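Structural overview for review
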Amino acid sequence: MYTLYYSPGTASMVVHLALLETGVPHRLELVDFGKEAQHSPEYLRLNPRGQVPTLVVDGKPYFESAALLMLIAERHPEAGLAPPPGSALRGDYLQWIVFFANSLGPAYRQWFYPSDLGSEEHPPFVREALRNRIEGAWSLVDAHLAARGPYMLGERFSAVDLLALMYMRWSRNMPRPVTDWPALKAYADLMRARPSWARLYATEGLTDWRA
Ligand SMILES: N[C@@H](CCC(=O)N[C@@H](CS)C(=O)NCC(=O)O)C(=O)O
C-alpha cells in the first residue's frame, strides 16, 4: 500500500500518474498549500524539505518526484514503465529521467519560487536566464522527438514520458508553452489521450490544459 501526499497539479502529479498507470492500490493525502500544511511540524516529520510529493512505502516516507517515479516503476515491472536493467533502452531511460529532473526541475522551481533565491520577484535578467534555460531544454526535447519519437524512448512508452508530461503542463502559462513546438505539441496530445491523464484530472480536480 502506498500513501501519496500531494497538492493538485504540482510535482506530486507524476507520482500520482505512475500509481494510476500501474493500477496499484494507493491512498491520497492532500497537503493544503492554502493552509501552509507543507510547513507544519507533522508534515516536516515526513518530508524535511516541506515540499510535495512524499510517498509512504511500507510505512517509510520518501521524497523527490523522479526518485519516487523510478521506485514505483521498479517495484511494479509488470506495468512496463521502465526498460529492465541491462536491456537496450535502459541507458536512454536513465539519461532522460536525470535530464528532466536535473535540468527542467530546478529551472522550473526557480521560475515559480523566486523566494528560493531570496526575493519576491526575480530581476528581469534572472527571469530571462531561466526562460532561456527552460526553452533551451524544450528545444532539445522537440528535436529529439522529431527525429526519434513518438515517445522519448522511440516506440516504447515509459516513465520518462510521465515526467515529461508534468513538466510540459507547467509551461502552459509561460511566455512560450510547449505546444508552440510542433513535435512537443504532438507529444503532449499523445500523452494527454492516456486514460491515466483523465483520471488524474478527475481525482485532483484539475481543469486547464486537459487536452
Ligand atoms: N525536487 C522536488 C521539488 C518539489 C517541489 O518543488 N514541490 C513544490 C510543488 S511543485 C512544493 O512542494 N512547493 C511548496 C513549497 O515549496 O512551499 C521534486 O521533484 O519532488
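The sections below set out a description of the structure shown in this document. Everything numeric in this text was worked out from a predicted model, so none of it was measured. (Residues numbered from 1 in each chain as written. Predicted model: local features only at pLDDT ≥ 70, side-chain atom pairs only at ≥ 80, totals over all residues. Heavy atoms only, no water.)

**Notes on the layout of surface pockets**
- For the largest pocket, the calculated volume is near 830 Å³.
- Residue lining of the largest pocket: 31 residues in total, with Ala-11, Gln-51, Arg-109, Tyr-113 and Trp-170 positioned closest to the centre.
- Taken together, the elements giving at least two residues each to the lining of the largest pocket come down to α3 (65-75), α4 (90-112) and α6 (159-170).
- Examining the composition of the lining of the largest pocket, we find that 6 residues originate from one element, α4, more than from any other.
- A class-by-class count of the residues in the lining of the largest pocket yields 15 nonpolar, 10 polar and 6 charged.
- Computed from the structure, the second largest pocket encloses a volume of approximately 170 Å³.
- Together, Met-70, Ala-73, Glu-74, Pro-77, Ala-82, Pro-83, Pro-84, Pro-85, Arg-90, Tyr-93 and Leu-94 line the second largest pocket.
- When residues of the lining of the second largest pocket are traced back to their parent elements, those giving at least two are α3 and α4.
- Across the lining of the second largest pocket, the residue classes tally to 9 nonpolar, no polar and 2 charged. (1 Å grid on protein atoms, 1.4 Å probe; cavity = no way out; pocket = protein on both sides within 12 Å on 5 of 7 lines; lining within 4 Å. Points joined across faces, edges and corners; volume = space filled by probe spheres on them. Helix = DSSP H or I, 4+ residues; strand = E, 2+ residues; numbered from the N terminus. Nonpolar A, V, L, I, M, F, W, Y, C, P; charged D, E, K, R; others polar.)

**A short note on the site of the ligand**
- In the vicinity of the ligand there are 13 residues, among which Val-52, Glu-64, Ser-65, Arg-109 and Tyr-113 approach most closely.
- Within the contact set of the ligand, an oxygen atom lies 2.9 Å away from a side-chain nitrogen or oxygen of Gln-38.
- In this structure, Val-52 approaches the ligand through a main-chain N or O atom, which is 2.8 Å from an oxygen atom.
- Expressed as a share of its isolated accessible area of 510 Å², the protein-covered part of the ligand is 83%.
- In this structure the site holding the ligand corresponds to the largest pocket. (Near = heavy atom within 4 Å. Polar contact = N/O pair within 3.5 Å; in protein donor to acceptor, adjacent residues only side chain to side chain. Areas by Shrake-Rupley, 256 points an atom, 1.4 Å probe, with all protein chains shown as cover. Sits in = over half its atoms within 2 Å of the grid points.)

**Some words on the sheet that holds strand β1 (residues 2-6)**
- Strands sit in the order β2-β1-β3-β4 across an open sheet of 4 strands; the sheet is mixed. Each edge of the sheet is formed by a strand with only one pairing partner; in this case those strands are β2 (26-30) and β4 (60-63). Neighbour-to-neighbour, the strand axes of this sheet turn through a mean angle of 25 degrees, independent of strand direction.
- Judged from the 5 bridges that link them, β1 and β2 form a sheet pairing that is parallel. Residue pairing for β2: Tyr-6 is matched across the bridge by Leu-30. (Pairing = 2+ DSSP bridges. Axes fitted to C-alpha atoms, helices over the stretch in contact; angles between N-to-C directions.)

**Side note on the pairing of β4**
- Of the pairings in the sheet, the one linking strand β3 (residues 54-57) to β4 comprises 4 bridges and is antiparallel in character. Considered in β4, the bridge of Val-57 is made with Lys-60.
- Counted between consecutive antiparallel strands, the loop separating β3 from β4 contains 2 residues, among which Asp-58 sits at a positive phi close to 50 degrees.

**What about the packing of aromatic side chains?**
- Using the criterion set out here, one finds 14 aromatic pairs in the structure.
- Measuring from centroid to centroid gives 5.3 Å for Phe-99 and Phe-100, while their planes differ by 75 degrees, and the two rings are edge-to-face.
- In this structure Phe-100 comes out as buried when scored by relative accessible area, which is 0%.
- Ring centres 4.9 Å apart and planes at 50 degrees place the aromatic pair Trp-197 and Tyr-201 in the tilted group. Of this pair, Trp-197 and Tyr-201 are both found in helix α8 (residues 195-204), 4 residues apart, which corresponds to roughly one turn of the helix. Like Tyr-201, Trp-197 is buried.
- Clustering of aromatic rings is evident, with ring pairs tying together Trp-96, Phe-99, Phe-100, Tyr-108, Phe-112, Trp-138, Tyr-167 and Trp-170.
- Arg-192 extends its terminal NZ or CZ atom over the ring of Trp-209, reaching a point 4.1 Å from the ring centre.
- The ring of Tyr-201 carries the charged tip of Arg-210 above its face, separated from the ring centre by 6.0 Å. (Phe/Tyr/Trp six-rings, centres within 6.5 Å; stacked < 30°, edge-to-face > 60°. Buried < 20%, exposed > 50% of the residue type's maximum accessible area, 1.4 Å probe, protein only. Lys NZ or Arg CZ within 6 Å of the ring centre and 35° of its normal.)

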